Amino acid sequence: MLDRYGREIDYIRISVTDRCNLRCIYCMPEEGVPMVSHEEILSYDEITELARVFADLGIRKIKLTGGEPLVRRDLPCLVKELKAVPGIEKVTLTTNGVLLAEAMEDLKEAGIDGINLSLDTLDPEAFARITRRRALEKTLAGFREALKYSEIPLKINCVPLGHRDQDILEMAELARQYPVHVRYIEMMPIGLGREFLPVREEELLKKLEARYGKAGPCLEELGNGPAHYYSFSGFSGKIGFISALSHKFCGGCNRVRLTAQGFLKTCLQYESGTDLRKLLREGADRETLKKAVEQAVREKPRSHRFGEKDTGEEERHMMSQIGG
Ligand code: SAM
Ligand code: SF4
């Protein structure tokens, strides 16, 4: 599916819940998100029906996200249903890892194609401060369990906050010791993320090079999207950066997002998109849904304008509601 700027859209991030078992300070307020009833959230059948529409239009890869996707019951069942949709080639998951250890076997059975584990620090105190929960051990148990499934690619996502106690270089150690890629994600000014200053990629790279020696470029394609990677001598995995502000990648954007309540969002920053839940529940047939998706994708904004003056059109949601 092409948008009006000629970008091929083949990837969707589907949020399965707004809820989360952590409260990361840049993502969710202490009290959590406003409760929405179960009826407001798309059922697994509805998500799968929409996935058929997306697949017909050329979507090939799905990432399940949230909130925390593993707090939704029986998530592996959804993975299995999505994997059976003709045209869908990959179904992956992004998780904070707290419930991963116990879910890993079912996810594997369901055919999960990859896991992104969000982990900002290995220091228990810093973890508790950043996530407002003492759950580092659980996340690490999830990491260790996921490592056992060497056929399922595992990546670590870390958002540097610029805080002294966040052992940002220690995170790179994971890529040195284990066959995992560690990606540093630049803080985006969305929701509570607006209250933080992004840590510049160049600054991080300089520190990494001071410790591990000169970084080599890595031209291999390693995922669905915007990360660019470096190799360090002696490392098992790569080091990646996802820098939406300082290295804007909108020109090559290949993705759209579906919120837990069934709104198809075509750009992270803007409210633009279409309410697919409404259409679905009004009984729209597949052709009507397809047309609505095509129309929304055609109108996908050319790029975000983070860092510019507030135009009044920006997204007012929290990242936990969009799914990252
Ligand atoms: N709970 C799951 C997790 O943490 O992986 C899935 C949802 S979470 C919103 C997805 C990703 O978005 C996480 O890696 C998180 O660190 C990242 N994220 C949240 N707020 C962000 C922000 N303002 N800027 C950049 N990344 C953010
Ligand atoms: Fe939850 Fe993920 Fe947001 Fe942290 S980043 S509060 S784990 S949704």
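Residues numbered from 1 in each chain as written. Chains lettered and ligands numbered in written order. Predicted model: local features only at pLDDT ≥ 70, side-chain atom pairs only at ≥ 80, totals over all residues. Heavy atoms only, no water.

## What to know about empty space enclosed by the protein
A complete count under the given rule lists one cavity of 30 Å³ or more for this structure. Of the pockets and cavities examined, the largest cavity occupies roughly 40 Å³. Surrounding the largest cavity, Pro160, Tyr184, Ile185, Glu186, Val199, Arg200, Glu201, Leu204, Phe241 and Ser243 form its lining. Contributing elements (two or more residues each) for the lining of the largest cavity: strand S6 (181–185) and helix H7 (201–212). Of the residues contributing to the lining of the largest cavity, the split by class is six nonpolar, one polar and three charged. (1 Å grid on protein atoms, 1.4 Å probe; cavity = no way out; pocket = protein on both sides within 12 Å on 5 of 7 lines; lining within 4 Å. Points joined across faces, edges and corners; volume = space filled by probe spheres on them. Helix = DSSP H or I, 4+ residues; strand = E, 2+ residues; numbered from the N terminus. Nonpolar A, V, L, I, M, F, W, Y, C, P; charged D, E, K, R; others polar.)

## Topic: the packing of aromatic side chains
Under the defined criterion, the tally for this structure stands at seven aromatic pairs. For the pair Tyr26 and Phe196, a centre-to-centre distance of 6.5 Å together with 90 degrees between the ring planes defines the contact as edge-to-face. Of the two residues, Tyr26 is situated in the loop between strand S1 (11–15) and helix H1 (44–56) and Phe196 in the loop between S6 and H7; the sequence distance between them amounts to 170 residues. Accessibility assignment for this pair places Tyr26 and Phe196 in one class, buried. Aromatic pair Phe143 and Tyr178: ring centres 5.4 Å apart, planes at 85 degrees, arrangement edge-to-face. Taken as a pair, Phe143 in helix H5 (residues 136–148) and Tyr178 in the loop between helix H6 (168–177) and S6 lie far apart in primary sequence, 35 residues in all. Counting every residue linked through ring pairs, the aromatic cluster contains Tyr184, Tyr230 and Phe241. (Phe/Tyr/Trp six-rings, centres within 6.5 Å; stacked < 30°, edge-to-face > 60°. Buried < 20%, exposed > 50% of the residue type's maximum accessible area, 1.4 Å probe, protein only.)

## Regarding the pairing of S6
Consecutive side chains along a regular strand alternate between the two faces of the sheet. Within S6, five of the five residues are buried, which leaves the element mostly enclosed by the surrounding structure. Residues of S6 alternate between two faces, with His181, Arg183 and Ile185 on one and Val182 and Tyr184 on the opposite face, all of them buried. The pairing of strand S5 (residues 154–158) with S6 spans four bridges and is parallel. Residue pairing in the sheet places Lys155 in a bridge with His181 of S6. This β-α-β element, S5 to H6 to S6, shows right-handed connectivity. As defined by bridge partners, S6 adjoins strand S9 (residues 239–242) across four bridges and the pair is classed as parallel. (Pairing = 2+ DSSP bridges. Right-handed = clockwise from strand over helix to strand, strands pointing away.)

## Here's the deal with H1
Over its 13 residues, H1 runs 18 Å from end to end, which matches the ideal 18 Å to within 8%, given 1.5 Å per residue. Three or more residues of H1 are buried, namely Tyr44, Glu46, Ile47, Thr48, Leu50, Ala51, Val53, Phe54 and Ala55. Immediately downstream of H1, the backbone of Gly58 shows phi near 110 degrees, a positive value. (Expected span 1.5 Å × (residues − 1).)

## Here's the deal with the environment of Leu42
Tracing the backbone shows Leu42 in the loop between S1 and H1. Relative accessible area serves as the criterion here: at 1%, Leu42 is assigned to the buried category. Those residues in contact with Leu42 that lie beyond four places of it in its chain are Ile47, Leu50, Arg72, Leu258, Ala260, Gln261, Gly262, Arg277 and Arg281. (Contact = heavy atoms within 4.5 Å.)

## Let's talk about unusual backbone geometry
Phi is positive for Asp74, close to 55 degrees, though the residue is something other than glycine. Tracing the backbone shows Asp74 in the loop between strand S2 (61–65) and helix H2 (75–83). Phi at Arg132 takes a positive value of approximately 60 degrees, unusual for a residue other than glycine. Its place among the elements puts Arg132 in the loop between helix H4 (124–131) and H5.

## Structural notes on the site of ligand 1
Taken together, 20 residues lie near ligand 1, and Tyr26, Gly67, Thr94, Ser118 and Met188 sit nearest. The separation between an oxygen atom of ligand 1 and a polar side-chain atom of Thr94 is 3.0 Å. Within the contact set of ligand 1, a nitrogen atom lies 2.8 Å away from a backbone nitrogen or oxygen of Met188. When isolated, ligand 1 has an accessible area of 540 Å², and the protein chains bury 94% of it. (Near = heavy atom within 4 Å. Polar contact = N/O pair within 3.5 Å; in protein donor to acceptor, adjacent residues only side chain to side chain. Areas by Shrake-Rupley, 256 points an atom, 1.4 Å probe, with all protein chains shown as cover.)

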